[in-house]
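Now for the letters of each chain:
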Amino acid sequence: MQVLGYIAVQPDWPIDVTNAQNKVEGEHKFWVSAYAPSEPSLHTSVRATADALLVDDARIEASLVSSRQLHLSSPSLSIPRCVYTAPSRTVACTQIARGTGVRAFDITQPGGLIVAGGDDGALDVYETHGTHRVRLEGHIGDITSCVFFPSGQVVLSGATDMQIKIWSACDGTNPVTLVGHTGAITDLCIIGVGKRVVSAAKDGCVKVWECGTSSCLHTYEVSVDAVNAIWYDESALVAACEDGRVVVIDPAEQVIKAVFGKKGEPSMRSVAYDARNRLVIGGRADGVVCVWDMDNPDGMKLSFRRGNASVSVIRLVFQSTEPRICVGTEDGQLYTAALSDPVTVIEDFVAFDVNPISQIRITPSASRPHIWAAAQDSRVCMF
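Keep in mind the model is a prediction, meaning the values are calculated, not measured. (Residues numbered from 1 in each chain as written. Predicted model: local features only at pLDDT ≥ 70, side-chain atom pairs only at ≥ 80, totals over all residues. Heavy atoms only, no water.)

### Considering the overall build of the protein chain
No. 1: Counting its secondary structure elements, the protein chain contains 2 helices and 36 strands.
No. 2: Its C-alpha radius of gyration of 21 Å places the protein chain within 12% of the 21 Å reference for a compact globule of 383 residues.
No. 3: Expressed as lengths along the three principal axes of its C-alpha atoms, the size of the protein chain is roughly 65 × 50 × 35 Å.
No. 4: When the 383 residues of the protein chain are sorted by exposure, 57% land in the buried category.
No. 5: Pairs at least 24 apart in sequence give 41% of the contacts found in the protein chain among residues at least 6 apart.
No. 6: Carbon together with sulfur atoms contributes 47% to the accessible area of the protein chain, which is approximately 15,600 Å² in total. (Helix = DSSP H or I, 4+ residues; strand = E, 2+ residues; numbered from the N terminus. Rg over C-alpha atoms; globule rule 2.2 N^0.38 Å. Buried < 20%, exposed > 50% of the residue type's maximum accessible area, 1.4 Å probe, protein only. Contact = heavy atoms within 4.5 Å. Areas by Shrake-Rupley, 256 points an atom, 1.4 Å probe, with all protein chains shown as cover.)

This is how it looks when you write it as structure tokens:
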């Protein structure tokens, strides 16, 4: 397993840089911390001037790329240079005022509306520039997952009340409620244009539903423990299990076709499936990201860890020919990595301090994909 060192930086560092460039009176400093395998952690400060970044400890190197990007590295600790990016847009959700945090969110493709839910049973729909559109009220438990249908006008949501609801994103009505799980809903996926959906829950089951008839078409009893996350592709339905396994189901044959990991290992908290490269990617509670090859199920292709915090979300980033993922952790790390050997971190996204990353979404753009992420501080940020 590859263990990666990394540098953390104060989330609001752009404020100090901007103030220094504008020659605002006072000292403009922000903290940085370096964490390297088998080495004591290093904590120091960076002072921003009008034209440079000065680090108090020579073991860390810093340089400014733009008002929202900087380079950080530590050659002496074998931490390679990486670009650190601040948000270009932030949507302040009403969950801030209600004190609930954003536990789940989604964004329409290519990005016009946001839906976000907290732990008070309500969801809110916003335009991406921040205007509130409508509130979706009806769940009686914490919101755990929400997804826009491809039309962008309908929302699917799940909560700890064991219910799955379908909403109008225009007027907030709830014409359909799907009931059948005996544990809290943990994740949701939409199949195709949205005639069918898939749900996972703490009852260890994955269910396929017909929206038009509100009926359950198939139940997969995947585990005696919770199913924490799912990923749907037309060639595979992949489930991350609390018991430490990743289970791959053939949606056409409705059978389990592969199992990765072992019962009793640290729980799988997140999952992704790269159909193009036939890679199954699982994020564990101990911070390890595991990558398996569907064509060689007997052994792990590679694994890496970047700190010990649970890997809460994994998303695919289609930006180059090599497989890339975006990873979010329970201690607020958010970064993209190339699944090469060795694994290479491409970019760090800085906004959330130590707040757990609750969801990541990717939207296309002309230059590179936009990374949208939310944490439990009730903001949705775009990078």
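### Structural notes on the pattern of salt bridges
No. 1: Enumeration according to the criterion identifies 16 salt bridges in this entry.
No. 2: In this structure, D243 engages R245 in a salt bridge whose closest nitrogen and oxygen atoms are separated by 3.0 Å.
No. 3: Across the salt bridge formed by R379 and D377, the nearest N and O atoms sit 2.8 Å from each other.
No. 4: The exposure class assigned to D377 is partly exposed, which follows from its relative accessible area of 22%.
No. 5: One salt-bridge network, held together by shared partners, links R284, D286 and R305. (Salt bridge = Lys/Arg side-chain N within 4 Å of Asp/Glu carboxyl O.)

### With respect to unusual backbone geometry
No. 1: Cis peptide bonds are those with omega within 30 degrees of zero, and the linkage from D341 to P342 qualifies with 10 degrees.
No. 2: With respect to the helices and strands, P342 occurs in the loop between β32 (334-338) and β33 (344-349).
No. 3: The phi angle at R278 is positive, at roughly 55 degrees, despite the residue not being glycine.
No. 4: For R278, the position within the fold is in the loop between β26 (268-274) and β27 (279-284).
No. 5: Since its relative accessible area comes to 31%, R278 is described here as partly exposed.
No. 6: Phi at S378 takes a positive value of approximately 70 degrees, unusual for a residue other than glycine.
No. 7: If you trace the backbone, S378 turns up in the loop between β35 (370-375) and β36 (379-382).
No. 8: Classification of S378 by relative accessible area gives buried; the value is 4%.

### A short note on the packing of aromatic side chains
No. 1: Throughout the structure, instances matching the rule amount to 4 aromatic pairs.
No. 2: Between the NZ or CZ atom of R306 and the centre of the ring of Y335, over which it lies, the distance is 4.4 Å. (Phe/Tyr/Trp six-rings, centres within 6.5 Å; stacked < 30°, edge-to-face > 60°. Lys NZ or Arg CZ within 6 Å of the ring centre and 35° of its normal.)

### Some details on the sheet that holds strand β24 (residues 246-250)
No. 1: Sheet architecture is open: 4 strands sit in the order β22-β23-β24-β25, paired in antiparallel fashion. At either margin of the open sheet sits one strand with a lone partner, and together these are β22 (227-233) and β25 (255-260). Across the sheet, the axes of successive neighbouring strands diverge by a mean angle of 20 degrees, strand direction being ignored.
No. 2: Inspection of the sheet shows β24 paired to β25 by 5 bridges, in the antiparallel sense. Across the sheet, V247 pairs through a bridge with V259, a residue of β25. (Pairing = 2+ DSSP bridges. Axes fitted to C-alpha atoms, helices over the stretch in contact; angles between N-to-C directions.)

### Regarding the nonpolar core
No. 1: F30, V238, V280, I281, F304 and I325 are the most contacted members of the largest nonpolar core, which totals 58 residues.
No. 2: Per element, the largest residue contribution to this core is 5 residues, and it comes from strand β28 (residues 288-293).
No. 3: Ignoring any residue separated from it by four or fewer positions in sequence, one finds I325 in contact with I281, V289, F304, I314, R315, L316, V317, Y335, T336, A337 and L339. (Core = buried A, V, L, I, M, F, W, Y, C linked by side-chain atoms within 4.5 Å.)

### Focus: the side chain of R306
No. 1: Assignment of secondary structure puts R306 in the loop between β29 (296-305) and β30 (311-316).
No. 2: A polar contact of 2.7 Å, which involves the side chain of R306, links it to the side chain of Q333.
No. 3: Side-chain polar atoms of R306 contact the side chain of D348, separated by 2.6 Å.
No. 4: Excluding anything up to four places from it in sequence, R306 contacts L4, G5, Y6, Y84, G287, Q333, Y335, V345 and D348. (Polar contact = N/O pair within 3.5 Å; in protein donor to acceptor, adjacent residues only side chain to side chain.)

### Some points on the pairing of strand β21 (residues 215-221)
No. 1: Bridging between strand β20 (residues 205-210) and β21 involves 6 bridges; their strand directions are antiparallel. When the bridges of β21 are listed, K207 appears paired with T219.
No. 2: Counted between consecutive antiparallel strands, the loop separating β20 from β21 contains 4 residues, among which S214 sits at a positive phi close to 55 degrees.

### Some points on the state of the cysteines
No. 1: Tallying each qualifying case throughout the model produces 0 disulfides.
No. 2: Its sulfur unpaired, C381 is 9.2 Å from the next cysteine sulfur, which belongs to C93. (Disulfide = S-S within 2.5 Å.)

### Here's the deal with the sheet that holds strand β6 (residues 61-66)
No. 1: Pairing in this open sheet of 7 strands is mixed, and the strands run β6-β7-β8-β33-β32-β31-β30 from one edge to the other. Both outer strands of the open sheet, β6 and β30, are each paired with one neighbouring strand and no more. Each strand axis lies, on average, 25 degrees off the axis of its neighbour in the sheet, ignoring direction.
No. 2: Relative to β33, β32 runs antiparallel, the two sharing 4 bridges. Bridge pairing links A338 to T344 in β33.

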